[in-house]
Amino acid sequence: MPAAPTMARGAVVPDRPPTEDLARRAADGDRAALDALLAEIRPEVVRRCGRFLPCREDAEEAAQDVLLQVARRIGTFEGRSRFGTWLYTVVANCCRQKYRELRRRSAEQPAPTLDDLRADPRTTSVIAGSRIDLLEALERLEREHPLLVEPLVYRDICRLEYAEAADRLGIALGTFKSRLHEARRQVRPWLAESP
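Report follows, based on the coordinates. Since the structure is predicted, the reported quantities are computational estimates derived from the model, not experimental observations. (Residues numbered from 1 in each chain as written. Predicted model: local features only at pLDDT ≥ 70, side-chain atom pairs only at ≥ 80, totals over all residues. Heavy atoms only, no water.)

### Examining the nonpolar core
Val 70 and Phe 83 are the most contacted members of the largest nonpolar core, which totals 50 residues. Secondary-structure elements contributing two or more residues to this core are α1 (19–27), α2 (31–52), α3 (56–73), α4 (83–108), α6 (130–144), α7 (149–157), α8 (162–169) and α9 (173–193). Counting residues per element, this core draws most heavily on α4, which supplies 10 residues. Sequence-distant contacts of Val 70, defined by excluding residues within four places in its chain, comprise Leu 37, Leu 38, Ile 41, Phe 83, Trp 86, Leu 87 and Val 90. (Core = buried A, V, L, I, M, F, W, Y, C linked by side-chain atoms within 4.5 Å. Buried < 20%, exposed > 50% of the residue type's maximum accessible area, 1.4 Å probe, protein only. Helix = DSSP H or I, 4+ residues; strand = E, 2+ residues; numbered from the N terminus. Contact = heavy atoms within 4.5 Å.)

### Side note on the environment of Glu 142
Secondary-structure assignment places Glu 142 in helix α6. Judged by its relative accessible area of 29%, Glu 142 falls in the partly exposed class. When near neighbours in sequence (up to four residues on either side) are disregarded, Glu 142 contacts Arg 96, Arg 100 and Val 149.

### With respect to the pattern of salt bridges
Counted under the stated rule, the structure contains 15 salt bridges. With its nearest N and O atoms 3.0 Å apart, the salt bridge here joins Arg 100 to Glu 139. On the criterion of sequence distance, the pair formed by Arg 100 in helix α4 and Glu 139 in helix α6 is long-range, its members being 39 residues apart. Residue classification places Glu 139 among the buried residues on the basis of a relative accessible area of 7%. Glu 142 is the partner of Arg 100 in a salt bridge, and the nearest nitrogen-oxygen pair spans 2.6 Å. In this pair, Arg 100 sits in helix α4 while Glu 142 sits in helix α6, placing the two residues 42 residues apart along the sequence. Using a relative accessible area of 22% as the deciding quantity, one classes Arg 100 as partly exposed. (Salt bridge = Lys/Arg side-chain N within 4 Å of Asp/Glu carboxyl O.)

### Considering α3
In this model, α3 (18 residues) spans 25 Å end to end at C-alpha, consistent with the 26 Å of a helix rising 1.5 Å per residue. Listed in full, the buried residues belonging to α3 are Asp 58, Ala 59, Ala 62, Ala 63, Val 66, Leu 67 and Val 70. (Expected span 1.5 Å × (residues − 1).)

### Considering the side chain of Arg 48
Relative to the helices and strands, Arg 48 is located in helix α2. You can call Arg 48 buried: its relative accessible area is 9%. Among the polar contacts made by the side chain of Arg 48, one reaches the side chain of Glu 44 at a distance of 2.7 Å. Those residues in contact with Arg 48 that sit more than four places away from it in its chain are Tyr 88, Val 91, Ile 157 and Cys 158. (Polar contact = N/O pair within 3.5 Å; in protein donor to acceptor, adjacent residues only side chain to side chain.)

These figures capture arrangement, not role.
Okay, here's the thing in structure tokens:
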């Protein structure tokens with residue numbers, strides 16, 4: 001086994017390459033870097049999916065969709081912004097798609113009978129609380145004001161800094177703030193209407 005490289009006193013030897021480096025190498029076609037990247041981001045992806053979908057099984061399914069999308073689309077990551085920013089977009093889109101699927105599946109199921117004593121968490125998550133209220137609001141916002149959805153998702157859900165989110169969208173910071181303000185103004189009464 002080769003000896004570990006000697007480092008200057010007090011230097012910290014990283015036990016894994018940083019996520020950004022892995023993402024750039026994976027985007028360049030390095031399969032080992034992609035495998036390492038997917039393993040490293042999985043816990044964060046599951047956690048972020050859980051912000052959108054309250055049922056753990058739904059969040060984990062969405063996380064699998066995210067990881068699959070990252071594996072398929074890593075070549076589109078150009079490195080102009082942080083990988084985390086690119087990843088947040090994939091997470092938000094996959095979670096919203098999973099929510100639509102769950103809502104559609106729930107609507108297609110027959111009405112429950114008295115014999116249905118045990119609730120199915122796969123469908124109850126669709127009506128399970130405030131995060132779902134937010135997803136409903138995002139769906140409505142997308143129908144009525146599609147340009148306002150991404151600013152709200154990036155800032156209020158993904159918690160990106162204003163400048164980073166504006167850069168990700170390719171718009172001026174002032175435009176981003178204006179759209180975010182309008183998105184919040186639109187969504188606020190819809191969330192207040194929720195039971």
